[in-house]
Amino acid sequence: MTSVGTIFQREVNAYFLSPIAYVVIAVFTVFSGYFFSIMLGITQESTLRYSLAYTQFILSILAPVITMRLMAEENKTGTIEPLMTAPVTDFEVVFGKFLAAWALYNVMIAPTAFYIIFLAWVGSPDYGAIIASYIGLILMGGLFTSIGLLVSAVTKNQIVAAVIGIVALLILLVIGLASTEHEGWFYNALKYIGTYDHWDTFTKGIIDTRDVIYYVSFTALLIFIVVRIVESRRWR
């Protein structure tokens with residue numbers, strides 16, 4: 001795990017030595033703050049649920065921006081080759097990069113904690129629902145990060161990786177949202193594959209093991225696939 005820590009530190013340093021980290025944090029803070037103020041004014045309730053309903057859309061756009069360079073830049077510059085010959089395993093490389101992107105994601109959403117302080121000042125928020133929502137945010141971030149990492153692993157162009165990642169996440173959001181009002185095995189399957197329903201459950205203050213399993217299992221599966229992609233390149 002020492003190698004994972006080294007890769008993690010290398011990627012975190014790369015984020016904060018470039019504009020990426022500061023741009024995504026600033027953009028997310030501005031838009032989440034805007035939606036928070038708008039929904040607070042409309043509902044007049046001390047809750048984050050309504051403003052967080054828009055958060056998945058914002059994160060669907062920003063998460064691929066965080067992950068776009070992770071593997072694509074290595075593939076383009078050829079630095080993936082010496083990295084593969086270093087005394088680290090493919091899993092350590094992939095997992096270290098994943099953790100770095102996930103860490104930046106969590107740093108990005110951290111400023112929203114000020115909304116909780118404000119709600120506590122003006123009213124009596126449901127802290128159980130807030131805690132559940134943040135657990136959902138963190139788990140959703142793991143899934144979004146792993147999807148972006150997978151896309152970045154199969155291309156050499158960062159912009160292409162970002163665009164494909166955004167499209168993929170928006171598709172998952174849309175199919176989940178579009179199937180919420182329908183019944184039947186087909187729509188239930190779409191609802192489970194899509195991300196909207198799983199995230200919405202957390203915003204209601206419910207931590208359902210099915211949603212936790214959804215996020216954790218799909219995140220692990222995607223990381224496994226990325227490791228296999230990296231392994232195939234090593235043998236080629």
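Every value quoted in this text rests on a predicted model; they were computed, and no experiment measured them.

1. Some thoughts on empty space enclosed by the protein
Counted according to the given criterion, the structure contains one cavity of 30 Å³ or more. Approximately 90 Å³ is the volume found for the largest cavity. For the lining of the largest cavity, the elements supplying multiple residues, two or more each, are α2 (20–43), α3 (49–52), α4 (55–67) and α9 (127–153). By residue class, the composition of the lining of the largest cavity is ten nonpolar, four polar and no charged.

2. Focus on the pattern of salt bridges
Summed over the entire model, instances satisfying the criterion amount to six salt bridges. Between K204 and D200 there is a salt bridge, and its shortest N-O distance comes to 3.3 Å. Judged by its relative accessible area of 45%, K204 is partly exposed. According to the relative accessible area criterion, D200 is buried, its value standing at 15%.

3. Some remarks on a nonpolar patch on the surface
Among the surface-exposed residues, Y192, I193, I213, F218, L221, F224 and I225 lie close enough to one another that they form a single nonpolar patch of about 610 Å² accessible area. Only α11 (185–193) and α13 (209–235) provide two or more residues apiece to the nonpolar patch. In terms of residue count, α13 provides more of the nonpolar patch than any other element does, five residues in total. With respect to the element layout, L221 can be found in helix α13.

4. Structural notes on the packing of aromatic side chains
Tallied over the full model, the rule gives twelve aromatic pairs. Seen in terms of ring centroids, Y192 and Y214 are 5.4 Å apart; in terms of plane orientation they differ by 80 degrees. Their pairing is edge-to-face. Highlighted residues: Y192 in helix α11 and Y214 in helix α13, separated in sequence by 22 residues. With relative accessibility at 38%, the residue Y192 sits in the partly exposed group.

5. Description of the confidence of the model for the protein
Predicted coordinates in areas of low pLDDT are best not read in detail. With 90% of its residues at a pLDDT of 70 or more, the protein has an overall mean of 84. The element-level mean pLDDT for the protein is lowest in helix α6 (residues 80–85), coming to 58, with helix α7 (residues 90–109) highest at 92.

Cut-offs used in this document
- Residues numbered from 1 in each chain as written.
- Predicted model: local features only at pLDDT ≥ 70, side-chain atom pairs only at ≥ 80, totals over all residues.
- Heavy atoms only, no water.
- 1 Å grid on protein atoms, 1.4 Å probe; cavity = no way out; pocket = protein on both sides within 12 Å on 5 of 7 lines; lining within 4 Å.
- Points joined across faces, edges and corners; volume = space filled by probe spheres on them.
- Helix = DSSP H or I, 4+ residues; strand = E, 2+ residues; numbered from the N terminus.
- Nonpolar A, V, L, I, M, F, W, Y, C, P; charged D, E, K, R; others polar.
- Salt bridge = Lys/Arg side-chain N within 4 Å of Asp/Glu carboxyl O.
- Buried < 20%, exposed > 50% of the residue type's maximum accessible area, 1.4 Å probe, protein only.
- Patch = residues over 30% accessible without salt bridge, like charges linked within 9 Å, V, L, I, M, F, W, Y side chains within 5 Å.
- Areas by Shrake-Rupley, 256 points an atom, 1.4 Å probe, with all protein chains shown as cover.
- Phe/Tyr/Trp six-rings, centres within 6.5 Å; stacked < 30°, edge-to-face > 60°.
- pLDDT = per-residue confidence, 0-100.

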